[in-house]
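Residue-level listing of the chains:
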Amino acid sequence: MLKTWKDASQGQPQRPHVEEKDSCQDAQSRGMYSGEPSVVTVDASPSNSGAVLDSAHARASSVTKHSRDGEDRADNVKKRKRGPSVSVRPGSLSTLVPTTEGTFEQTRSRNSIVILDSFDDAISHASRFLESTIVWCTVSPQVVSSSGRISLFIVDETVSPESVARRLANETRVKVTSWSGSVSPARWSTLMEYQVVVSSVDALLEHLTKGIIIMSQLRALVIFDVACTNSALMTVLECFYRTENADVRPSILALRSSARTADISQLEQLLEAKAVSNLAATTFSRLRPLEVVVQYEVPSPSRDTKLTERIRAIQSSESLFFEAFSVARNIARELGPCGCDLFWRQRMKGSALAVENGGDVVAKVKSELQNLIESWSFCTPNVNSTSRGCNVSPKFARLIQILKTCKLHGDKFRCIIFVREREVAAIMANMLCMVAQDLRFLRPLALTELDGDNVQDVCRGFVTGEFNLLVVPKSLEDMDIPSALIVVRYGVYESQLSYAYSCARTVRALGYLVHLVENGNDVERRVLSHYQHEKFDDQWIDVVTSGGGSPIPFRPLIENCVLPDGPDENVGPCIVDPTTSGRLYERDAVCALYRLVSSMLHMSETPHKSLFVVRQGSSDSLSREWICDVLLPSELLAEQVSGPPRSTPAHARRAAAFITCVRLYEYGAFDHRLFLYPRTTMKTQELANADAVSGNRCYPRKRTPFWWNSLRLFSHKWFPVIIHVQGHEKHAPMLLLTRQPLPRMPTCRLFIEGVPTVVQNVRAAPVEIGADHLHALHLFTIRICRAILNKPFACSADDVAYLFAPLRLCVTGNLQSTGLRRILDYVPWDVVFLAGKEWAVRFDQDFGSLQGVEDMVVQDRMVEFTRRYYALRLRQDLTPISKPEDSPREAGYSNFVEYCKARRKGFDGLRDYQQPMIEVAKIAGVSNHLNPVFQPLAVPAKAAAKYLIPELSVRSTIPASTFRTALVLPSVMRRIEDFLIVQELNAVFFNHSIYEEHLFAAISAPSAGYEVDYERLELFGDAFLKYLASIYVFVMHPSQHGVVHAARQCIISNEVLMQSAVRSGLPQFIQGKPFSYKLWHPPNFTADSFPDSNFVGDENANSERGGTSRKKKSHDESVTQWLGDKTIADVVEAIVGAAYLSGGQETALQAVKSMQVPIPNVEQWDDFRRKASRPPPNPTALLRAGSVEAVEAIAGRQNSNPHILGWALIHPSVDSNGAEYNEQLEFIGDAILDFAVVRYIVGRYGKLSPGAMTMLKVAMVSNSALAALCVSSGLYRHLHYDSHSLASSFEAYVEKVEALRLEETKIAAQNGRNPGQYWLDIESPKALSDLVESIIGALFIQDGYQLTLSHHPTKILSDLLQKHGCQQFELVKETCDAGQEARCDVVVHEIVLASATASTVHAAGRAASLAALDALEGDANFMSGTCTCRSSSRGKRARKMLIDEMAAEIDVKTAS
């Protein structure tokens, strides 16, 4: 679409871009050939105020006619190649046949229905039909005398006969007129003098009934897109047409839109006609109406109106009417000062002024405001932009100009204006009512109420003409509003679905879709680019037209996930995403399901039929209730969802879609990227001054809102996630129960004793837990947390954000099965209840029969917070009176009893001195499992116990397998919270455009000690930012030749990046501190005595806790962090690198804009090409003949603009007006080369350390390497310079580097290796490396500011030969003696296809491959005449099949 949107200067007519020599009409013709929608651009000049749409339609008509000729030529070519064919749109009639040259012969001999794709095609076809009919009736002897007979062109009530008559008059040479209303017999006699009369079907019926018109007076009847259910048409055909003799009946031609083919069969029976198709009915691009882009002037900076200032003076803080002030500012921007004042008048009336928590002060303010409004003199809208009293915005004035051109439509005029907010819609309708001059035909109404009955009444009034202009907010665009002739998008917002609704609400025939855009607004240009065919599937128009009843396209929608502003927009029930605090209201549910299903189809490429099926709520045909069924793909939800009854189909769709979203959300199948987010501006504040030594600053540390939101939104359902440590049989699975479903997350990678371990998280179905079991799980969770951290944690049941539960080992075999729908059946409830009551229990008296010792946690005393041991086995060979030979702790004692007597307080002896001992191993305790660096535990000063006496020990109520998993829970929960923060950052900043794994690495500083950090991404992002900023400076500031480096530093320096990050609120998301496992605790858990608990260990809480200062310091460390300026800048660069790896340069550019890096006036990458200045004149006169061609040959490509490449060969020493252009090319070429090399290294050697990547990059882009490349390729011979010293340095360098190359080549050949970096030990002239960079910059500009890295020609050749099925080809390389060139031959089926020689084997192989590609391109029949691989393989398969058949016959005969 944007191909036809030319730049417009202030107050001047539009001119094409300097790079584009074609006209707007030619550009539109190209767009129509390529499937682009018909778009006409009207500039913002006030001189274009008259006949905006008429001129646009005239221009579009010429373009359409021009393109139709091209389409006919293209169709003829296709027919010669493939023969006649037709593709039928899904749901259309199977009897459609393609139109040929005999179509008019068919329509003359029988009634016909022609399926067409646009109004222009309909007019053209009708014109040719009418002309041929008149001529044929004149010369054909078979036809009854046609004297006194005319042709009628019949339209329905939504089309103006006058407009159609004007179009027919322009297209044909016949005499055309129109008539509407009642006419007398005398007037009809006058009309009979014309050859074609255009009228409505109702007028025809009226005059046939009165006898003024007789059917035999009509030569032909053209019915233009009238529905077969039209009662007037049915009466005309039944009572007047069929009653006439067949000889005098007029021939009927019905022109039908390709978007309305569902009732073709019924229309065929009604007209006794046959349907034919002119163009392919599957061309969904024809679903688009004629689109007009109308530009308006940039509004001046808005100031508060006098009324707003008076209101603020009365209520200075704006706290009383904060939302009203925000709405008033928005209306002032959209509609102007007049609209702002009208809003205050409407807002301050009566009950609208009600404020809660009033008092005497509030009552006084209300009284003053009411008096002010009653005494204020309000002005009517003044749309004259040249008047000093103009009080409307340029956008609204432009809208008035558009509406003035619609006066000629008369009673047929219908218009819909889509705006963003409801308040704007209401005030706009009010202002349109007040505009009396030239707009008396308008009857506007704002559709702002969602009530179904109100919507039906408004739509009914719109059809009957009670209202002819509707102002509709975006929140109601999915209502089933009748189509209109004019649809205006009052503002461009990023929503492809909204665009589809606008197209669906436009009449296909004479309708216009008008886009109002701000002149020179790059953001709106970028949004409009999303409506191009390569980004938008036209089938979405068919989907919204059918209310979701047609197949969902595979291409996902591009939507802006921002909640609308306004006090009345975000009301009603909603789903809240606890991760990001995003919301989904009922009005957004339909769009959410469209996005969800299309994205799933895009990944799976499996077709899906209708998504919504709307039916009547009862069998009564007069029922006004509708029910919608939602048919989701089985991968999302197996069962069908039906919504509640509603008064309209649109309301039924909304209700059913919202219920479906709730159900998907509860089952964890709802993508969190579908939520909408409020417009928030984050800014991180420093919490302390910079540290004097390190320079670091203190910033707040982001905490995920998930747990707080889950408590607030709890709905008595718990959402289980199974935590399973893979590869460790001694770790039992555990269950994490959250109050809201966690979003889908990748598997967690931990390091247990330095060994990488995968921790799997698997969802299970939501559960409801009874009160007793819930209480037991609450106590078990507290017990687990107290045990693993040895702290007296406590938390009330209402404040627990999540629960833990043990699971049996058998659940690990069913992690992917449907049996997990009853996950609570796998919970050992006896363990849960026991652990909730007691932290430990004593062993049974029969110590010798202990069972399951290996799964026990043992303590040597009956105290909750003490040392714990894993029980390894029961030693029947040892007793308390045995000598502890291998136990260091008891080494100085004769037996274990003696040790207890000496070291254990209150020891009075044992009841059983023959009980077996328990061999144990001390539990190391909780640690940081996120750090891959394993730090062995320090050897304790005192020896640990190796054996314990059962009678003196207790058994923990938590099994050892569960306890082992519980020890990694802090690390697992920290990783979950990290990804929750990443998802929030991705949603709020980057609209979910960055892969979360990349984004997590980008915000993780090396100081955090994680497995991944930002260093590799920072190297990549730094190169991209340099590349982006260099191009930006080159394009936007072409005159700043000497300060380009300084200008670039003003964009990408560490200080600027840090300041941009702080402005955007990024530092709080950075993970800069290691995981402090000692400070970890679940949300709302406190290390205080909990009065309502029955934990015996609470009396020890005070002794375990430190003082108040220690607690405060720990709290501060968990919510703050110290970050250096360079760390923040590195994170910005790393995020840019992550964005590029996720979505390419467009995604990276949007990430740069989101972080407020100063790149103004650029919204998409194509803006660089569009805004680039013209290069200097052609420098060919300064160059030697053939220099440009020689460089093109070295580069392996030809260029469309060789003069740009010529400037790359002009050294700044040459005295020329454009010599500085060479320096600019070198400037951007340096950045392009850096980025291309880094991108190659990251893609090829992604596992290298950041330091190794940097060293490799430096080696590849160093001046010495580029200079050697310049000499070896011969580029230096074509540099044009004017410096004797430069010539001397070139000569000396070439001599030295060539000598070193030959020497290194000889040594490498002797050692059997490739030549090394022979250029390192010699200083190179910088002009040689600058030449290489300048050529790279020139090639980049000629590619349209797009970086395209081509494959090696040898790979291209190999792929091409394999595509032909060739298996016998090879590259034969010959390495010659020192001082001679290497040779390479491309051999295909023992035929030398191409040969080349060069200084190295690699260069020879490249040149030979290029020559082979040229040879194949020149001889297209070479492969078919030479290669027999494919046929021989088919022959082998055929022989094998024949042998198999013979063997089968032998087997059959043998068996018989």
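Just so we're clear, the structure is a prediction, and the values are computed from it rather than from any experiment. (Residues numbered from 1 in each chain as written. Predicted model: local features only at pLDDT ≥ 70, side-chain atom pairs only at ≥ 80, totals over all residues. Heavy atoms only, no water.)

Asker: Please clarify how helix α31 (residues 1054–1064) should be interpreted in this entry.
Answerer: Owing to its 3.6 residues per turn, the α-helix aligns residues three or four sequence positions apart on the same side. Buried within α31 are the following residues: V1056, L1057, M1058, S1060, A1061, V1062 and S1064. Of the surrounding secondary structure, the elements contacted by the buried residues of α31 are β20 (697–700), α27 (969–990), α29 (1015–1036), α30 (1044–1052) and α34 (1125–1154). G1065, located one to two residues past α31, shows a positive phi value of around 85°. (Buried < 20%, exposed > 50% of the residue type's maximum accessible area, 1.4 Å probe, protein only. Helix = DSSP H or I, 4+ residues; strand = E, 2+ residues; numbered from the N terminus. Contact = heavy atoms within 4.5 Å.)

Asker: Even after reading the chapter, I still don't get the sheet that holds strand β28 (residues 869–875), so can you show me in this structure?
Answerer: Sheet strands associate in pairs through backbone hydrogen bonding, adopting either a parallel or an antiparallel arrangement. Ordered in space as β26-β31-β27-β28-β29-β30, the 6 strands form an open sheet in which the pairing is antiparallel. With one partner strand each, in any of the chains shown, β26 (840–842) and β30 (947–948) form the two edges of the open sheet. Pairing geometry for strand β27 (residues 857–859) and strand β31 (residues 954–956), over 2 bridges, is antiparallel. Residue V858 lies in a different strand from β31, and its bridge partner there is R955. (Pairing = 2+ DSSP bridges.)

Asker: Please explain the nonpolar core as it appears in this structure.
Answerer: Among soluble globular proteins, nonpolar side chains are generally buried collectively. By size, the foremost hydrophobic cluster in this structure holds 182 residues, and its most contacted members are I823 and I1135. With near-sequence residues (within four places) excluded, I1135 lies in contact with F990, I994, L999, A1002, I1003, L1066 and M1155. (Core = buried A, V, L, I, M, F, W, Y, C linked by side-chain atoms within 4.5 Å.)

Asker: What exactly am I supposed to notice about empty space enclosed by the protein here?
Answerer: Gaps left between atoms are located by rolling a probe of water-molecule size over the structure's atoms. Taken as a whole, this structure holds 4 cavities of 30 Å³ or more when the rule is applied. In this structure, the second largest cavity spans a volume of roughly 70 Å³. Taken together, E666, Y667, G668, F719, P720, V721, T738, P741, L742, R763, A764 and P766 make up the full set of residues lining the second largest cavity. Examining the composition of the lining of the second largest cavity, we find that 3 residues originate from one element, strand β21 (residues 719–725), more than from any other. Residue composition of the lining of the second largest cavity, grouped by class: 8 nonpolar, 2 polar and 2 charged. (1 Å grid on protein atoms, 1.4 Å probe; cavity = no way out; pocket = protein on both sides within 12 Å on 5 of 7 lines; lining within 4 Å. Points joined across faces, edges and corners; volume = space filled by probe spheres on them. Nonpolar A, V, L, I, M, F, W, Y, C, P; charged D, E, K, R; others polar.)

Asker: Explanation requested: the packing of aromatic side chains in the structure shown.
Answerer: The full count for this structure, using the stated rule, is 38 aromatic pairs. With a centroid separation of 5.7 Å and 40° between ring planes, the pair formed by F153 and F224 is classed as tilted. With a gap of 71 residues between them, F153 in strand β3 (residues 150–155) and F224 in strand β6 (residues 218–224) connect regions that are remote in the sequence. Grouping residues by exposure puts F153 and F224 together as buried. A ring pair is formed by F1000 and Y1010, whose centres lie 5.7 Å apart and whose planes are at 25°; its orientation type is stacked. With F1000 in helix α28 (residues 996–1002) and Y1010 in the loop between α28 and α29, the pair connects residues that are 10 residues apart, well separated along the chain. The same class applies to F1000 as to Y1010, namely buried. Here the aromatic residues F1020, F1024, Y1027, Y1140, W1165, F1168, F1235, F1340 and Y1345 are joined through ring pairs into a cluster of three or more. (Phe/Tyr/Trp six-rings, centres within 6.5 Å; stacked < 30°, edge-to-face > 60°.)

Asker: What is the right way to read the packing of helix α23 (residues 771–789) against helix α26 (residues 960–967) from this model?
Answerer: For any two helices packed against each other, one specifies the inter-axial angle together with the distance between the axes. Viewed as axis vectors pointing N to C, α23 and α26 meet at an angle of 70°, and their least axial separation amounts to 10 Å. For the element pair α23 / α26, the angle class is roughly perpendicular. Across from F780, I784, A787 and I788 in α23, the residues of α26 making contact are T962, F963, A966 and L967. Of the residues belonging to the contact of α23 with α26, the class tally is 7 nonpolar, 1 polar and no charged. (Axes fitted to C-alpha atoms, helices over the stretch in contact; angles between N-to-C directions. Parallel < 35°, antiparallel > 145°, perpendicular 65-115°, else oblique.)

Asker: Explain the pairing of strand β9 (residues 290–296) here, please?
Answerer: Note on strand geometry: in a regular strand, side chains alternate between the two faces of the sheet. Along β9, 7 of the 7 residues are buried, which leaves the element largely enclosed by surrounding structure. In β9, alternate side chains face the same way, and those of L290, V292, V294 and Y296 on one face and E291, V293 and Q295 on the other are all buried. Both β9 and strand β14 (residues 512–518) contribute to a ladder of 7 bridges, which runs parallel. By the bridge assignment, V294 is partnered in β14 with L516.

Asker: What am I meant to see in the packing of α29 against α34 here?
Answerer: As a packed pair, α29 and α34 sit with axes 7 Å apart at the nearest point and diverge in direction by 65°. Here the hand of the crossing between α29 and α34 comes out left-handed. Here α29 contributes L1017, E1018, F1020, G1021, D1022, F1024, L1025, Y1027 and L1028 to the contact with α34, which in turn contributes D1130, E1133, A1134, V1136, G1137, A1138, Y1140, L1141, Q1145, A1148, L1149 and V1152. Counted by class, the contact of α29 with α34 contains 14 nonpolar, 3 polar and 4 charged residues. (Left-handed = near helix turned anticlockwise from the far one by under 90°.)

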